[in-house]
Amino acid sequence: MDEAKMLIAKQVVHGYLYFPKDFERKLFRGEQANVSVFCDMSLMLTYKAIYQTALTVSQYINARIQIAGSHNFTNYDDEVTTKPLDFDEVPIFNTTGGYGNAVLPGVLMLILQQTLLLGIGLAAGTARENNRYQDLVPISKHYVGIFRIVLGKALCYFMVYMVMGTYLALAVPRMFGFTSMLTAVNLFGLLIPYIVASTCFGMALSCIVRYRENVMLLVVFTSVPLLFLTGISWPQSNIPGVWQGISWLFPSTFGVRGFLRLNSMGANLSDILTEYQALWLQVVAYFFLTCAVYRSQLKHTRTHAASRIDMIKQKAKEAKQRKAVDATTT
């Protein structure tokens, strides 16, 4: 046991079985024997493989013991003795039965949103740290200018992330041999509103980023809760109503759910109409919210710039007056 624990500590093995000394004697006496399974719980997939393998072998041994003590005459009698209720296990959608095949496609979609938030937040935090105040548009054309600014920035992020989204949705699952039933029409039909909604959401959220480090903490802190709120690693029916309402604020909730149905279940856009419409609603809502946020920031920038100009003029005037006084005195 000590040697086995040492091997697990060195990561040479990931689990071991312990057979007591009286294991064989109890089996021959018809008593219940015990086998202990010790696994490294830090690796979920390895733990699952070791535990399920040990359980399958124990069930097979139990069936052989039942057959040996039943005194049956035919194979059919043996089957009825060991398995009175027969069943066929048919995996639906996730044909491999793997955890990665079920979760990784959703994680890829979440990565798109989180990296967008990270990039937009870093840009906003860097601009504020450098104190870059710019007079972007005339006051008489304030609203038109705001729309141009938001649309221009959103289009820039959109073009970059359409390429990234296509790569993550099509190339990465095939690299790992995961199930993928996507078509180009369904993929781009979902990616367009999802990326636009994530972009506008990130631009609206960037108003609270004062330093570059803030957005790093924000992304790290929210990634795991957002993954649970999507309902792919935790049943959606078990999520409290309050948290489900909060999850509707994030594009990843509808983007991940819709993508999993398209990718793993062979659905069409008409089958994910709820998620599709929700993403477009978020696009409209976050676009106007971003316009309002940028308008407020520009107004603050103009006020700050005007006060700085007035202060500079006042200092220049005072310096000129002092120079005139010094000249008169001389």
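Basis of the calculations
- Residues numbered from 1 in each chain as written.
- Predicted model: local features only at pLDDT ≥ 70, side-chain atom pairs only at ≥ 80, totals over all residues.
- Heavy atoms only, no water.
- 1 Å grid on protein atoms, 1.4 Å probe; cavity = no way out; pocket = protein on both sides within 12 Å on 5 of 7 lines; lining within 4 Å.
- Points joined across faces, edges and corners; volume = space filled by probe spheres on them.
- Helix = DSSP H or I, 4+ residues; strand = E, 2+ residues; numbered from the N terminus.
- Nonpolar A, V, L, I, M, F, W, Y, C, P; charged D, E, K, R; others polar.
- pLDDT = per-residue confidence, 0-100.
- Contact = heavy atoms within 4.5 Å.
- Buried < 20%, exposed > 50% of the residue type's maximum accessible area, 1.4 Å probe, protein only.
- Phe/Tyr/Trp six-rings, centres within 6.5 Å; stacked < 30°, edge-to-face > 60°.
- Axes fitted to C-alpha atoms, helices over the stretch in contact; angles between N-to-C directions.
- Parallel < 35°, antiparallel > 145°, perpendicular 65-115°, else oblique.
- Left-handed = near helix turned anticlockwise from the far one by under 90°.

Under the criterion given, the structure shown has one cavity of 30 Å³ or more. In this structure, the largest cavity encloses a volume near 40 Å³. As for the largest cavity, its lining consists of Leu-117, Gly-121, Gly-202, Leu-205, Ser-206, Val-209, Val-215 and Leu-218. Elements supplying a minimum of two residues to the lining of the largest cavity: α5 (99–129), α7 (184–205) and α8 (212–229). For the lining of the largest cavity, the residue count by class is five nonpolar, three polar and no charged.

Moving on to the confidence of the model for the chain. Across the chain, the average pLDDT comes to 83, with 93% of residues at or above 70. Averaged pLDDT values for the elements of the chain fall to 79 in helix α4 (residues 75–82) and rise to 92 in strand β1 (residues 15–18). Across residues 133–143, confidence stays below pLDDT 50; counting only partners more than four residues off in sequence or on other chains, it has 19 contacts.

Once that is clear, we can look at the environment of Thr-53. When you line up the elements, Thr-53 lands in helix α3 (residues 44–68). Taking the relative accessible area as the measure of exposure, Thr-53 reaches 48% and is therefore partly exposed. Placed 198 residues apart in sequence, Thr-53 and Pro-251 show a C-alpha to C-alpha distance of 39 Å.

Counted by the stated rule, this structure contains nine aromatic pairs. Taking the centre distance of 6.0 Å and the plane angle of 20° together, the rings of Tyr-47 and Tyr-51 count as stacked. Here Tyr-47 pairs with Tyr-51, and both are found in helix α3, just four residues apart, close to one helical turn. Taken together, a centroid distance of 6.4 Å and an interplanar angle of 85° make the contact between Tyr-276 and Trp-280 edge-to-face.

It is worth spelling out the packing of α5 against helix α10 (residues 251–264) at this point. Each pair of packed helices can be described by the angle between their axes along with the distance between the axes. Between α5 and α10, the shortest axis-to-axis distance is 9 Å and the interhelical angle comes to 140°. The angle between α5 and α10 falls in the class oblique. Where α5 crosses over α10, the two elements pack in a sense that is right-handed. Side by side, α5 and α10 meet where Asn-101, Ala-102, Pro-105, Gly-106, Met-109, Leu-110 and Gln-113 of the first sit next to Pro-251, Ser-252, Gly-255, Val-256, Phe-259, Leu-260, Asn-263 and Ser-264 of the second. Residues of the contact of α5 with α10, tallied by class, amount to eight nonpolar, seven polar and no charged.

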